[in-house]
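Topology and contacts: notes
In case you want the letters, here they are:
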Amino acid sequence: MNDPFELRYDPIHKDFLYLHRTTTYNMGTFYHQHEAYELYLFLRGNVNFYIENSCYHLERGDLLVINPEEMHRSFSQDESEYERITLNLQKSYLHRLSTPATPLSWCFDYRPKGKGNIVHLEEAQLRQFLRLAGKLEKALSSDAYGSDIIANSALAQLLVLTNTVFHKASFVPDDIMPELVRKTMKYIDAHLEQRITLEQLAGIFHLNSTYISRQFKQHTGLTLRAYILDRRVSLAKAYLCEGLSITEASYQCGFSDYANFIRSFTKITGISPGRFAKKNASLPE
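Residues numbered from 1 in each chain as written. Predicted model: local features only at pLDDT ≥ 70, side-chain atom pairs only at ≥ 80, totals over all residues. Heavy atoms only, no water.

Turning next to the overall build of the chain. Secondary structure summary: the chain contains eleven helices and ten strands in total. Its C-alpha atoms give the chain a radius of gyration of 20 Å, near enough to 19 Å, the size a compact globule of 285 residues would have. Taken over the C-alpha atoms alone, the chain extends approximately 60 × 45 × 35 Å along its principal axes. Buried positions account for 47% of the 285 residues belonging to the chain. In the chain, 74% of the contacts between residues at least 6 apart in sequence involve partners at least 24 apart. As displayed, the chain has an accessible area near 14600 Å², and 52% of this comes from carbon and sulfur atoms. Distance between charge centroids for the chain: 2 Å, based on 32 positive and 32 negative side chains. (Helix = DSSP H or I, 4+ residues; strand = E, 2+ residues; numbered from the N terminus. Rg over C-alpha atoms; globule rule 2.2 N^0.38 Å. Buried < 20%, exposed > 50% of the residue type's maximum accessible area, 1.4 Å probe, protein only. Contact = heavy atoms within 4.5 Å. Areas by Shrake-Rupley, 256 points an atom, 1.4 Å probe, with all protein chains shown as cover. Lys, Arg positive; Asp, Glu negative; His and termini not counted. Charge placed at Lys NZ, Arg CZ, Asp CG, Glu CD.)

On to the packing of helix α3 (residues 123–140) against helix α4 (residues 147–168), then. When two helices pack together, their arrangement is given by the angle between their axes and by how far apart the axes lie. Running from amino to carboxyl end, α3 crosses α4 at an angle of 160 degrees, the nearest separation of the two axes being 8 Å. Considered as vectors, α3 and α4 are oriented roughly antiparallel to each other. With respect to the hand of their crossing, α3 and α4 are arranged in left-handed fashion. Only Ser 147, Ile 150, Ala 151, Ala 154, Leu 155, Gln 157, Leu 158, Leu 161, Thr 162 and Val 165 of α4 make contact with α3, whose side of the interface consists of Gln 125, Gln 128, Phe 129, Leu 132, Ala 133, Lys 135, Leu 136, Ala 139 and Leu 140. Considering only residue class, the contact of α3 with α4 consists of 13 nonpolar, five polar and one charged. (Axes fitted to C-alpha atoms, helices over the stretch in contact; angles between N-to-C directions. Parallel < 35°, antiparallel > 145°, perpendicular 65-115°, else oblique. Left-handed = near helix turned anticlockwise from the far one by under 90°. Nonpolar A, V, L, I, M, F, W, Y, C, P; charged D, E, K, R; others polar.)

With that settled, the discussion passes to the confidence of the model for the chain. Chain-level pLDDT for the chain is 89 on average; 93% of the residues reach the 70-or-more range. Counted against residues more than four places away or in other chains, residues 1–7, with its pLDDT under 50, gives 14 contacts. (pLDDT = per-residue confidence, 0-100.)

Attention now moves to the environment of Arg 60. Position of Arg 60 among the secondary structure elements: in the loop between β6 (54–57) and β7 (62–66). Placed 60 residues apart in sequence, Arg 60 and His 120 show a C-alpha to C-alpha distance of 8.3 Å. The residues contacting Arg 60, other than those within four sequence positions of it, are Phe 42, Leu 43, His 120, Leu 126 and Leu 130.

The next subject is the pairing of β7. Burial runs high along β7: five of the five residues are buried. Side-chain alternation along β7 places Asp 62, Leu 64 and Ile 66 on one buried face and Leu 63 and Val 65 on a second face that is also buried. Relative to β7, strand β4 (residues 37–44) is paired through four bridges, and the arrangement is antiparallel. Across the sheet, residue Leu 39 finds its bridge partner in β7, namely Val 65. Sheet topology note: the β7/strand β10 (residues 118–120) ladder contains three bridges and is antiparallel. Its bridge partner being in β10, Leu 63 is matched across the sheet by Val 119. (Pairing = 2+ DSSP bridges.)

Core analysis: the biggest nonpolar cluster contains 32 residues, and Leu 87, Leu 89 and Leu 136 have the highest contact counts within it. Counting residues per element, the ones that place at least two in this core are β2 (16–24), β4, β7, β9 (81–89), α1 (91–97), α2 (106–109), α3 and α4. Sorting elements by how many residues they give to this core places α4 first, with eight residues. Leaving out residues up to four positions away in the same chain, Leu 89 has contacts with Asp 15, Phe 16, Ala 36, Tyr 37, Phe 108, Leu 155 and Leu 159. Val 181, Phe 205, Leu 222 and Ile 228 belong to the second-largest nonpolar core, a separate cluster that totals 23 residues. (Core = buried A, V, L, I, M, F, W, Y, C linked by side-chain atoms within 4.5 Å.)

Okay, structure coming up:
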């Protein structure tokens, strides 16, 4: 099995990362997470975007916000040019830009996990977003005096615009995730501390195990085994952040083999559980 462990938790090494990309038949990513917030604007293409157990067919002007705990992927349906703007932002950087009256992480944090991720920008809002993104892009490509301050200013304005749009949003997107995949994800998330097998799922859903496996891989880009490992590691990270010991976190998230837990955690996240716990303990509240 060739599960792409090394990319499922994508590290962001700068305060923020801005990308404006156009690709042809990129196919798509598999379910993954970033160690940062992500702001994503769709401009053109024929693309389905998956977040947790939901899936949306994107239209020009769709704006998405994703926090580090949310698994997601994009998938191109054909050879149409796929254009999007993405911004990945470290939590610490976003908090430095914020004020007590204007918490810029609001749209990322203050909603249920996997819900409320998407709004649609009207044409005037889209023009405003693209103008600010162009200003940011120009500043980032310049070494002129003050370009860094201009970049921070443009980025802060983009986040104010994003939060304002999400505050006022009444947009309800069509969720096209197949019900089987959604139910499989929900079952896995509810039983992470237990042993989960494909045979169990086949019995629960009264479907052929091969069919379940193929449908899941088609829509997530991951095998069931890889997805379960990701979710268990993600849960372990949450437990370690709460102060549980490595042994207790391993047990609580469903690993029966401690050595396998250490190996899987390190391979997926790029850092050992011990180093992760120590790093998290040193972070300011």
